[in-house]
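Each chain, letter by letter, is given below.
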Amino acid sequence: MPAEIAPDAQIAIVGAGLAGLRTAEALRRRGFAGSLVVIGDEIHPPYNRPPLSKEALAGGVEFEALKFRQKNSAITWRLGSTAIGCTPAEVLLADGSAVPYDGLVIASGIRPRHLPVPGPQPLSLRTLDDAVALRGQFSPGASLLIVGAGFIGCEVAATARSLGCEVTVTAFDAEPMITALGVELAAAMRAHHEAHGVRFVLGVGVAEFMSSGVTLDDGTVLEADVVLEAVGSVPNTEWLSDLGLDLSNGVLCDNDLRAHGADRPTVAVGDIARFPNPRFDDEPRRIEHWSMPADTARRAAETLLADLTGSPAPTEPFAPIPSFWSDQYDWKLESQGMPALGDAVLAEGSWEGECIVEYRHDERLVGVIGVNRTREVLGYRDQL
């Protein structure tokens, strides 16, 4: 028979974002009665990040409007505490203290990537404090240069235009958001931004950052009052370097979110977890979508408790359907599945307005994106 978890057992959750919070809640729901310690480097309790580039940035960034309601009070929070190392027995913190654990949840997430070019580091947008600093520089007539044309960059561009800023977006990519959307829908999004006054300088990299802009690889100088760098993310894995895990891109896990190479029961959740999803193929991937923290939290809690007791692991394959949305001007993009794995096919509407785009790989549906077609897109979940 499976062993019971000792009443004094402790689980350490490193990362006080949505994934860490949902994992702690899932552990309590499944009956874990030991100690739960959640460690976070920010001073703020868990809060909602997607609005930071959209409505919160436009209307004023207020923590009370963004914080998540916590469903369980039996959690110890170590906020403003940065994990700097980890052994198979304890998490080491920057203040010199350590948190022992019987089970470990890796929920340390991601941080903004910075280009390896000379010059002063520009602003980035990941945290509440980042958003406050950025919002303070948005005023009618102010010029904003965004380096990077992914979703964060394009959402900030739309928000800044609504506040009266002059906006330029530069990126090495040929179109904005091209990896996620495909060429045709990405080109339509660029045209929509241009119709709202955004200028794009695409297909060229950055050679140097300046205090008032950038110099591009072709010698072009782009000047602005505010420079925002939004060129992707880096997983926060440095604190795990002594555990023998595969950290080549996040934390490599099996389908149950169990970290490969760990000596003690260890799982990873949210943006940092790289795992295979049999709904699509057997390639382990990190997925930075809104739905992933809650989906991975539920499975990771089940796996961790099974490992702590010696019980059988879950039998059903973990096959979540990733989803995200993006608000840009009057267009709301909603996605289900993994569009980046397929080729885009216009299913309904037109590229220039409301539409549904299916993404197929070897004639199999792997994703769908709708522009202002929420109900129809949700209906695709059964097909996926």
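Check the entry above for the structure.
What counts as what
- Residues numbered from 1 in each chain as written.
- Predicted model: local features only at pLDDT ≥ 70, side-chain atom pairs only at ≥ 80, totals over all residues.
- Heavy atoms only, no water.
- Helix = DSSP H or I, 4+ residues; strand = E, 2+ residues; numbered from the N terminus.
- Rg over C-alpha atoms; globule rule 2.2 N^0.38 Å.
- Buried < 20%, exposed > 50% of the residue type's maximum accessible area, 1.4 Å probe, protein only.
- Contact = heavy atoms within 4.5 Å.
- Areas by Shrake-Rupley, 256 points an atom, 1.4 Å probe, with all protein chains shown as cover.

A. Representation of the overall build of the chain within the structure. A tally of helices and strands in the chain yields nine helices and 25 strands. Expected size for 384 residues packed as a compact globule is a radius of gyration near 21 Å; at 22 Å, the chain falls within 12% of this value. Taken over the C-alpha atoms alone, the chain extends approximately 65 × 50 × 35 Å along its principal axes. Counting across all 384 residues of the chain, residues that qualify as buried make up 53%. In the chain, 62% of the contacts between residues at least 6 apart in sequence involve partners at least 24 apart. Split by element, the accessible area of the chain, about 16,400 Å² in all, is 49% carbon and sulfur.

B. Spotlight on the side chain of serine 53. Relative to the helices and strands, serine 53 is located in the loop between strand E2 (35–40) and helix H2 (55–59). Apart from residues lying up to four places away in sequence, serine 53 is in contact with Leu125, Ile152, Glu155, Val156 and Thr159.

C. Representation of unusual backbone geometry in the model. Even without being a glycine, methionine 177 presents a positive backbone phi close to 55°. Within the secondary structure layout, methionine 177 lies in the loop between strand E10 (166–171) and helix H6 (178–181). Unusually for a residue other than glycine, tyrosine 329 sits at a positive phi of about 60°. Inspection of the secondary structure puts tyrosine 329 in the loop between strand E21 (323–328) and strand E22 (331–337).

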